[in-house]
Amino acid sequence: MKAVGLTRYLPIDDPASLQDLELPDPGVPKGADLLVRIQAVSVNPVDTKQRAAREGEEIPARVLGYDASGTVEAVGPDVTAFAPGDEVFYAGDVTRPGSNAEWHWVDERLVGRKPTTLDFTEAAALPLTVLTAWELLFQRMPLHFDGRRHAGQTLLVIGGAGGVGSIAIQLARHAGFTVVATASRDASAEWCRRMGADHVIDHHQPLPEQLHALGLAQVDVALNLADTDRYWDVLGELLAPQGHVGLIVEPRGALRIGDPYKSKCIGIHWEFMFARARFRTPDMIEQHRILSRVASLVDAGALRSTAHTSLGTINAAHLREAHRLLEGGGVIGKLVLSGW
Ligand SMILES: NC(=O)c1ccc[n+]([C@@H]2O[C@H](COP(=O)([O-])OP(=O)(O)OC[C@H]3O[C@@H](n4cnc5c(N)ncnc54)[C@H](OP(=O)(O)O)[C@@H]3O)[C@@H](O)[C@H]2O)c1
């Protein structure tokens, strides 16, 4: 089968950093695995972090890639929820071979049925980021998706135009929040508004002044989706007493978790989308449930795909371009690739 992978960890401008490969077909799936014929993928910063230049060699080659959509070709003996022919989308498991391959094994508990109103490319944009945002908002934080219970509350999204921000804005709006997103360019600010942000402010300018200009002295919830260290102090200042901060990016240094976080009783919540798969937690099937719910919401018109730029077919040159763009830090929405 065709695949794209690496044998050495090289800078992305080196053509050998990601290579076109011909690998043996994967064979019959075992246990709770599905064998999926990959139709489309999207690329995330985690792909670039896994590929980042360092010592080490992979023999056989290592295949990366997490977000995927495709068609179930065969199922393992323990599979109960899927059958051959089902169209699916998922983000998979960072500890297993990736989805940048024509065929891929994935545990059915991590998989959802693809929204019927999206094509494979639009669907591949969603899983990793929607799982991140959903788990963070509604499973790590004590927030509620249904019933608009957060009407009257304000949620700040740092990095609103990124992959996670684009879907977090949509989920928070649905939950009733007034959403303030940050973006530093006209194009990324416009995209945040398209995703449903009520207000957009610039993360390169001081945040408190911009919020005050909107009549907002504080925010109830802040999602720091860009740089944990850089916004730590200002979010401590901006968060309301008993508010919540959500984090998804590894900090570079130690964080001072005392005042003002302590005196305001601010909840600090970490999300790592691969935690359930990596530690094989007993509730792994939650990701199947979340993706199934998201597919219904998309088909009902309540959520939309965050696909922004299609880079063409799935091959090494196009994946290197995706990694290069992501490493530049200015991607809007999701980068998607489809077909072989
Ligand atoms: N823990 C988890 O489970 C998990 C899951 C997914 C992602 N992540 C991590 O979360 C981060 C974001 O992921 P993503 O997929 O959303 O990335 P992304 O799509 O590459 O984000 C790009 C966006 O980030 C914004 N940005 C760049 N520098 C910024 C800064 N200093 N402050 C605020 N915004 C900034 C840019 O906005 P402008 O162009 O407007 O400046 C751009 O639109 C990555 O580090 C990723 O590895 C973690």
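Trainee: Just checking my understanding: could you explain the sheet that holds strand E14 (residues 267–270) for this structure?
Mentor: The pairing of strands in a sheet comes from backbone hydrogen bonds and takes either a parallel or an antiparallel form. Strand order in the open sheet formed by six strands is E11-E10-E9-E12-E13-E14, and the pairing between neighbours is parallel. Looking at which strands have only one partner, the edges of the open sheet turn out to be strand E11 (199–201) and E14. Each strand axis lies, on average, 20° off the axis of its neighbour in the sheet, ignoring direction. Looking at chain direction, strand E10 (residues 178–182) and E11 are connected through three bridges and run parallel. For Ala181, the partnering residue across the bridge sits in E11 and is Val200. Set on the sheet, helix H4 (residues 163–174) makes contact with strand E9 (154–158), E10 and strand E12 (219–224); between it and E10 the angle comes to about 165°.

Trainee: It is not clear to me how empty space enclosed by the protein should be interpreted in this structure. Could you clarify?
Mentor: Which parts of space are left empty comes out when a probe the size of a water molecule is rolled across the atoms. Per the stated rule, a full pass over the model turns up one cavity of 30 Å³ or more. Size it by volume and the largest cavity reaches roughly 40 Å³. As for the largest cavity, its lining consists of Asp93, Arg96, Pro97, His104, Trp105, Val106, Asp107 and Leu110. A per-class count over the lining of the largest cavity returns four nonpolar, one polar and three charged.

Trainee: For this particular structure, what's the right way to read helix H5 (residues 186–195)?
Mentor: Within an α-helix, residues lying three or four positions from one another point in the same direction, as the helix has 3.6 residues per turn. Every buried residue of H5 is accounted for by Ser188, Ala189, Trp191, Cys192 and Met195. Down the axis of H5, the smallest arc covering the buried residues is 160°, so these residues share one side. Within two residues after H5, Gly196 carries a phi angle of roughly 120°, on the positive side.

Trainee: Mind showing me how you'd approach the pairing of E10 here?
Mentor: Across a regular strand the side chains alternate sides, sitting on one face of the sheet and then on the other. Of all five residues making up E10, four are buried, and the element is well covered by its neighbours. Remark: the E9/H4/E10 crossover connection has right-handed handedness. Note on the crossover from E10 through H5 to E11: the handedness is right-handed.

Trainee: Would you explain H4 in this entry?
Mentor: Here H4 is twelve residues long and its end C-alpha atoms lie 18 Å apart, about the 16 Å a rise of 1.5 Å per residue gives. Counted residue by residue, H4 has ten buried out of twelve residues, so it is predominantly covered. Those residues of H4 lying buried are Gly163, Val164, Gly165, Ser166, Ile167, Ala168, Ile169, Gln170, Leu171 and Ala172. Directly after H4, the chain includes Gly176, whose backbone phi takes a positive value near 105°.

Trainee: Just checking my understanding: could you explain the site of the ligand for this structure?
Mentor: As a matter of local geometry, the ligand sits amid 27 residues, with Lys49, Ser184, Ser188, Tyr231 and Met273 nearest to it. Within the contact set of the ligand, a nitrogen atom lies 2.6 Å away from a side-chain nitrogen or oxygen of Tyr231. Between Met273 and the ligand, the recorded distance is 2.6 Å, taken from a backbone N or O atom to an oxygen atom. Cavity membership is defined here by more than half of the atoms lying within 2 Å of grid points; on that basis the ligand lies in the largest pocket. Elements represented by at least two residues in the shell around the ligand include exactly helix H1 (45–51), helix H3 (127–140) and H4. Of the residues in the shell around the ligand, the class split is 15 nonpolar, eight polar and four charged. Both of domain 1 (2–126 + 277–338) and domain 2 (130–270) provide at least three residues apiece to the shell around the ligand.

Trainee: Any chance you could explain unusual backbone geometry here in plain terms?
Mentor: Most peptide bonds are trans, and most residues other than glycine sit at a negative phi. In the segment running from Ile59 into Pro60, the intervening peptide bond is cis, with an omega of 0°. Cis geometry is found at the peptide bond from Asp259 to Pro260, where omega equals 0°. You can see Pro260 is positioned in the loop between strand E13 (239–247) and E14. Despite not being glycine, Arg148 has its phi angle at roughly 45°, a positive value. By the secondary structure assignment, Arg148 is in the loop between H3 and E9. Of note in the backbone geometry, Cys265 takes a positive phi value of approximately 55° without being a glycine. Take Cys265: it is sitting in the loop between E13 and E14. When its relative accessible area of 56% is taken as the criterion, Cys265 is described as exposed.

Analysis parameters
Residues numbered from 1 in each chain as written. Predicted model: local features only at pLDDT ≥ 70, side-chain atom pairs only at ≥ 80, totals over all residues. Heavy atoms only, no water. Pairing = 2+ DSSP bridges. Helix = DSSP H or I, 4+ residues; strand = E, 2+ residues; numbered from the N terminus. Axes fitted to C-alpha atoms, helices over the stretch in contact; angles between N-to-C directions. Contact = heavy atoms within 4.5 Å. 1 Å grid on protein atoms, 1.4 Å probe; cavity = no way out; pocket = protein on both sides within 12 Å on 5 of 7 lines; lining within 4 Å. Points joined across faces, edges and corners; volume = space filled by probe spheres on them. Nonpolar A, V, L, I, M, F, W, Y, C, P; charged D, E, K, R; others polar. Buried < 20%, exposed > 50% of the residue type's maximum accessible area, 1.4 Å probe, protein only. Arc of directions from axis to C-beta. Right-handed = clockwise from strand over helix to strand, strands pointing away. Expected span 1.5 Å × (residues − 1). Near = heavy atom within 4 Å. Polar contact = N/O pair within 3.5 Å; in protein donor to acceptor, adjacent residues only side chain to side chain. Sits in = over half its atoms within 2 Å of the grid points. Domains from an automatic or database assignment.

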